[in-house]
Amino acid sequence: MEGNPEGVSESAVRAAHEVRVVFSRLRRRLRESNAAGELTPSQSSVLSRLDSDGAASVTDLAGVERVRHQSMASTVAALEKRGLVSRRPDPDDGRRQLIAQSEAGRAFVADRRRAREEWLTRALEDGYTEAERRTVIEAMALLDRLTRP
C-alpha cells in the first residue's frame, strides 16, 4: 500500500483501518439499539463521564468535553431537568458547584448499558455460529492488548 509509514506492513495498515471502521459501525449500532428516550450525544457523553470520573464542575466538564462553558451549562441543565444529575457545593470552594449523577442517572446509565449488552448478546447468538463466537472472543483478547501500556 502506497504511503505506508516506513517499516509498517500492508497487513498492519489494513488491520488498523478495519478495526477502526468496524468499531465505529458497532458503536453506532449500539447507540441505535437503545434510542427510545435517548439523550443527545453531548448529554450522553457528560452522563457517562460523570459515571466514570465522578463529580465535576461545569467548567471542568466543558474543558474535558472541549466545548464552551455556556454549551456545557445548557447540557447540564437539560440533564438536571430530567433528574439525571444533581448539584452540590464544592467542599473545597464554596463558590463552585459540583455536578454528579443522581440515583436516577446511575439507573439510567445501567439500564442503557444492559440494553446494549442484551442487543449485542442476541445479535451474536442469532447471527453467528459457536465457532464464530469463539473467534470473536479470541479477537477481542488480541485487541485488548492495544489498551495495555
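Residues numbered from 1 in each chain as written. Predicted model: local features only at pLDDT ≥ 70, side-chain atom pairs only at ≥ 80, totals over all residues. Heavy atoms only, no water.

Chemist: Which parts of the structure should I look at to understand the side chain of Ser102?
Modeler: Examined against the element boundaries, Ser102 turns out to sit in the loop between β2 (93-101) and α5 (103-127). Its relative accessible area of 12% is what places Ser102 among the buried residues. In this structure, Ser102 is in contact with Gly83, Leu84, Val85 and Ser86, ignoring residues within four places of it in sequence. (Helix = DSSP H or I, 4+ residues; strand = E, 2+ residues; numbered from the N terminus. Buried < 20%, exposed > 50% of the residue type's maximum accessible area, 1.4 Å probe, protein only. Contact = heavy atoms within 4.5 Å.)

Chemist: Looking at this model, I keep getting lost on the environment of Glu80. Mind explaining?
Modeler: Within the secondary structure, Glu80 sits in helix α4 (residues 69-81). In this structure, the C-alpha to C-alpha distance between Glu80 and Gln101, residues 21 residues apart in sequence, is 9.2 Å. Setting aside anything within four residues of it in sequence, one finds Glu80 in contact with Val85 and Arg87.

Chemist: Can you walk me through the pattern of salt bridges in this structure?
Modeler: When charged atoms on two side chains of opposite charge get close, those side chains can pair. Applying the stated criterion across every chain yields a total of 13 salt bridges. A salt bridge links Arg113 to Asp51; its shortest N-O distance comes to 3.0 Å. With a gap of 62 residues between them, Arg113 in helix α5 and Asp51 in helix α2 (residues 41-53) connect regions that are remote in the sequence. The exposure class of Arg113 is partly exposed, given its relative accessible area of 42%. Asp51 sits in the partly exposed class, given a relative accessible area of 34%. For Arg134, the salt bridge identified is with Glu130, shortest N-O distance 3.8 Å. (Salt bridge = Lys/Arg side-chain N within 4 Å of Asp/Glu carboxyl O.)

Chemist: Can you help me understand α2 in this one?
Modeler: What sets the pattern is the α-helix's 3.6 residues per turn: residues three or four places apart point alike. Look at α2: 18 Å from first C-alpha to last across 13 residues, which is about the 18 Å you get at 1.5 Å a residue. Among all positions of α2, only Gln43, Ser44, Val46, Leu47 and Leu50 are buried. Along the axis of α2, the buried positions cluster into a sector of 165°, meaning they face one direction only. For α2, the exposed residues set more than 90 degrees away from the buried face come down to Pro41, Ser52 and Asp53. Those residues of α2 that are buried are in contact with α3 (58-65), α4, β1 (85-90), β2 and α5. Positive phi appears at Gly54, one or two residues downstream of α2, with a value of about 85°. (Expected span 1.5 Å × (residues − 1). Arc of directions from axis to C-beta.)

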